[in-house]
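# Results of the structural survey
Now for the letters of each chain:
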Amino acid sequence: MRIAGMVAVIAVGLALRRFGYDLGLPFLVVKYGGSVLWGAMVYLALAALLNSTRAAPVIAFAVGIAASVEFSRLYHTPWLDEFRLTTAGALLLGRVFSLWNILAYVAGIVTAAFIYRRLARSKTR
């Protein structure tokens, strides 16, 4: 379920990036929606990798990774800056540091954890 959720989140994120403005979505939804979805993807990937049933440690680890990736944008080398200019680099690492992105990642991580827990509980009933 986690892997399928991660694939769905990636698909929605790519669609938002490509079609968000064309669909008339508000600027903030397009701008930070991708960051929210990226945070959700990190949570789901870690939850699948760690195969953990406890949300709190996965949330903490995911927030740590997301914040580290965001703070890595403050570090510049020619090869890293070149990678950030590629589509893969922009999607994985981003280009510009923003504390707002960290808040969006946390929102996505917490939301993904909440939704996953609700779905897992409804399946066991």
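Residues numbered from 1 in each chain as written. Predicted model: local features only at pLDDT ≥ 70, side-chain atom pairs only at ≥ 80, totals over all residues. Heavy atoms only, no water.

### Quick notes on the packing of helix H2 (residues 27-50) against helix H3 (residues 55-72)
Between H2 and H3, whose axes approach to 9 Å, the crossing angle comes to 130°. By the angle between their axes, H2 is oblique relative to H3. The element H2 and its partner H3 pack so that their crossing is right-handed. Only Ala55, Val58, Ile59, Phe61, Ala62, Ile65, Ala66 and Val69 of H3 make contact with H2, whose side of the interface consists of Trp38, Val42, Tyr43, Leu46, Ala47 and Leu50. (Axes fitted to C-alpha atoms, helices over the stretch in contact; angles between N-to-C directions. Helix = DSSP H or I, 4+ residues; strand = E, 2+ residues; numbered from the N terminus. Parallel < 35°, antiparallel > 145°, perpendicular 65-115°, else oblique. Left-handed = near helix turned anticlockwise from the far one by under 90°. Contact = heavy atoms within 4.5 Å.)

### Looking at the side chain of Glu70
Positionally, Glu70 belongs in helix H3. Taking the relative accessible area as the measure of exposure, Glu70 reaches 0% and is therefore buried. At 2.8 Å, the side chain of Glu70 forms a polar contact with the side chain of Tyr105. Sequence-distant contacts of Glu70, that is, excluding residues within four places in its chain, are made with Val96, Phe97, Ser98, Asn101, Ile102 and Tyr105. (Buried < 20%, exposed > 50% of the residue type's maximum accessible area, 1.4 Å probe, protein only. Polar contact = N/O pair within 3.5 Å; in protein donor to acceptor, adjacent residues only side chain to side chain.)

### Remarks on the nonpolar core
Counting residues in each nonpolar core, the largest one holds 25 residues, and the members touching the most others are Val9, Trp38, Met41, Val42, Tyr43 and Ala62. Breaking this core down by element, the ones donating at least two residues are helix H1 (2-19), H2, H3 and helix H6 (99-124). Broken down by element, the residue count for this core peaks at 10 residues, all from H2. Every residue in contact with Val42, bar those within four places of it in the chain, is listed here: Ala62 and Ile65. (Core = buried A, V, L, I, M, F, W, Y, C linked by side-chain atoms within 4.5 Å.)

### A few points about the packing of aromatic side chains
Each pair of aromatic rings is reported with the distance of its centres and the angle of its planes. A complete count under the given rule lists 2 aromatic pairs for this structure. Measuring from centroid to centroid gives 4.9 Å for Trp38 and Tyr105, while their planes differ by 50°, and the two rings are tilted. In this pair, Trp38 is assigned in helix H2 and Tyr105 in helix H6, connecting sequence segments 67 residues apart. Trp38 sits in the buried class, given a relative accessible area of 15%. For Tyr105, a relative accessible area of 3% translates into the label buried. Lying over the aromatic face of Tyr32, Lys31 brings its terminal NZ or CZ to 5.3 Å of the ring centre. (Phe/Tyr/Trp six-rings, centres within 6.5 Å; stacked < 30°, edge-to-face > 60°. Lys NZ or Arg CZ within 6 Å of the ring centre and 35° of its normal.)

### A look at the layout of surface pockets
When its volume is computed, the largest pocket comes out at roughly 800 Å³. Lining the largest pocket are 26 residues, with Arg17, Gly34, Ser35, Ala90 and Leu91 positioned closest to its centre. Residue assignment for the lining of the largest pocket shows that the elements contributing at least two residues are H1, H2, helix H5 (87-92) and H6. Its residues assigned to classes, the lining of the largest pocket comprises 16 nonpolar, 6 polar and 4 charged. Taken together, 14 residues make up the lining of the second largest pocket; nearest its centre are Val9, Ala40, Leu44, Ala112 and Ile115. For the lining of the second largest pocket, the secondary structure elements donating two or more residues are H1, H2 and H6. When residues of the lining of the second largest pocket are assigned to their parent elements, the largest contribution, 6 residues, is made by H6. Of the residues that constitute the lining of the second largest pocket, the class distribution is 10 nonpolar, 3 polar and 1 charged. (1 Å grid on protein atoms, 1.4 Å probe; cavity = no way out; pocket = protein on both sides within 12 Å on 5 of 7 lines; lining within 4 Å. Points joined across faces, edges and corners; volume = space filled by probe spheres on them. Nonpolar A, V, L, I, M, F, W, Y, C, P; charged D, E, K, R; others polar.)

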